[in-house]
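# Examination of the molecular architecture
What follows is the residue order along each chain.
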Amino acid sequence: MAVNDADLNVPVDIAFHGMESSDHLRHQVIKQARKLDRLRRHITGVRVVLEADHKQTDKATLHCKVEVSVPGADTLVAQKEDRPHEAVMHADQYSVINEAFEVAVRRVESYVDKHFDHHHKQPHPASGQARGTITRVDTERGHGMLETQGGQSLFFQDTAVKGETLSDLEPGMEVTYALAAAEGAYGPEAKEVTRVVGGKTD
């Protein structure tokens, strides 16, 4: 089902497999799809598939797959699955969608880095420290996300936090970081993430 939203500049198609259509989940997909708006000049379409895998008779696992079409007939795929969605709250269902889109954003950013002119975007320093803002902290899974001053999302592991623990960080905090030399499984990663004392954005 194609989605039209006044604030959404990326064409998004949403499909439900093995489960009933849900306005709550559709709204969350639209909300997360806005993360791709700043990359829209490199995107020709987005297809999101939400699927309930009924391997057990009394519960199902929720899968979210985000397929991003880019120029040149390439398709970048990000997918995530989580605990049985019939036994958890909406927040847990939303987490599956959020994380799938976070992976999708990083993959599009990586694609742009490799295929387009870097003079039109702010690059990361190859070495040394840069500043960013924490956007997500997931202590249960042991990772977080930060946004660079150039607007790029970077994943980081709890082991990358210096001077304190992942649970000491929260969205909106300003941090310094270094860009890891090699990409991780989820794309570009940050290392040496250190909270700026007194650093908190509104």
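Below, the structure is looked at part by part.

Another aspect to go through is the overall build of the chain. When helices and strands are tallied, the chain shows two helices and 10 strands. Shown N-terminal to C-terminal, the secondary structure of the chain runs as helices and strands in the order β-β-α-β-β-β-α-β-β-β-β-β. The proportion of buried residues among the 202 residues of the chain is 46%. Contacts in the chain between residues far apart in sequence, at least 24 positions, make up 59% of those at least 6 positions apart.

The next subject is the pattern of salt bridges. A full pass over the atoms with the stated rule returns 12 salt bridges. Taking the shortest distance from any N to any O, the salt bridge between R136 and E102 comes out at 3.6 Å. One end of the pair, R136, is in strand 6 (residues 130-138); the other, E102, is in helix 2 (residues 90-115), and 34 residues separate them in sequence. E102 matches R136 in its accessibility class, with the two residues each being buried. A salt bridge links D138 to R136; the nearest nitrogen and oxygen atoms lie 3.5 Å apart. For D138, a relative accessible area of 8% corresponds to the buried category. One network of salt bridges, with partners in common, ties together K35, E99, E102, R136, D138 and R141.

Our next topic: helix 1 (residues 23-33). Those residues of helix 1 lying buried are L25, R26, Q28, V29, I30, Q32 and A33. With a side-chain oxygen positioned 3.3 Å from the backbone nitrogen of H24, the residue opening helix 1 is S22.

Looking now at the nonpolar core. Soluble globular proteins tend to pack their nonpolar side chains together in the buried interior. The biggest cluster of nonpolar side chains holds 32 residues, and the ones touching the most others in it are L36, V46, V66 and V68. If you list the elements that add at least two residues to this core, you get strand 2 (12-17), helix 1, strand 3 (45-56), strand 4 (59-70), strand 5 (74-84) and helix 2. Not counting the four nearest positions on each side in its chain, V46 is found in contact with V10, P11, V12, D13, L36, V66, E67 and V68. L169, Y177, A190 and V193 belong to the second-largest nonpolar core, a separate cluster that totals 14 residues.

With that out of the way, let us pick up unusual backbone geometry. Glycine aside, a negative phi is what most residues show, and trans is what most peptide bonds show. Non-glycine residue E192 carries a positive phi angle of around 50°. On the secondary structure map, E192 appears in strand 10 (residues 190-200). Classification of E192 by relative accessible area gives partly exposed; the value is 34%.

Cut-offs applied
- Residues numbered from 1 in each chain as written.
- Predicted model: local features only at pLDDT ≥ 70, side-chain atom pairs only at ≥ 80, totals over all residues.
- Heavy atoms only, no water.
- Helix = DSSP H or I, 4+ residues; strand = E, 2+ residues; numbered from the N terminus.
- Buried < 20%, exposed > 50% of the residue type's maximum accessible area, 1.4 Å probe, protein only.
- Contact = heavy atoms within 4.5 Å.
- Salt bridge = Lys/Arg side-chain N within 4 Å of Asp/Glu carboxyl O.
- Polar contact = N/O pair within 3.5 Å; in protein donor to acceptor, adjacent residues only side chain to side chain.
- Core = buried A, V, L, I, M, F, W, Y, C linked by side-chain atoms within 4.5 Å.

All quantities given are derived from atomic positions and should not be read as evidence of function.
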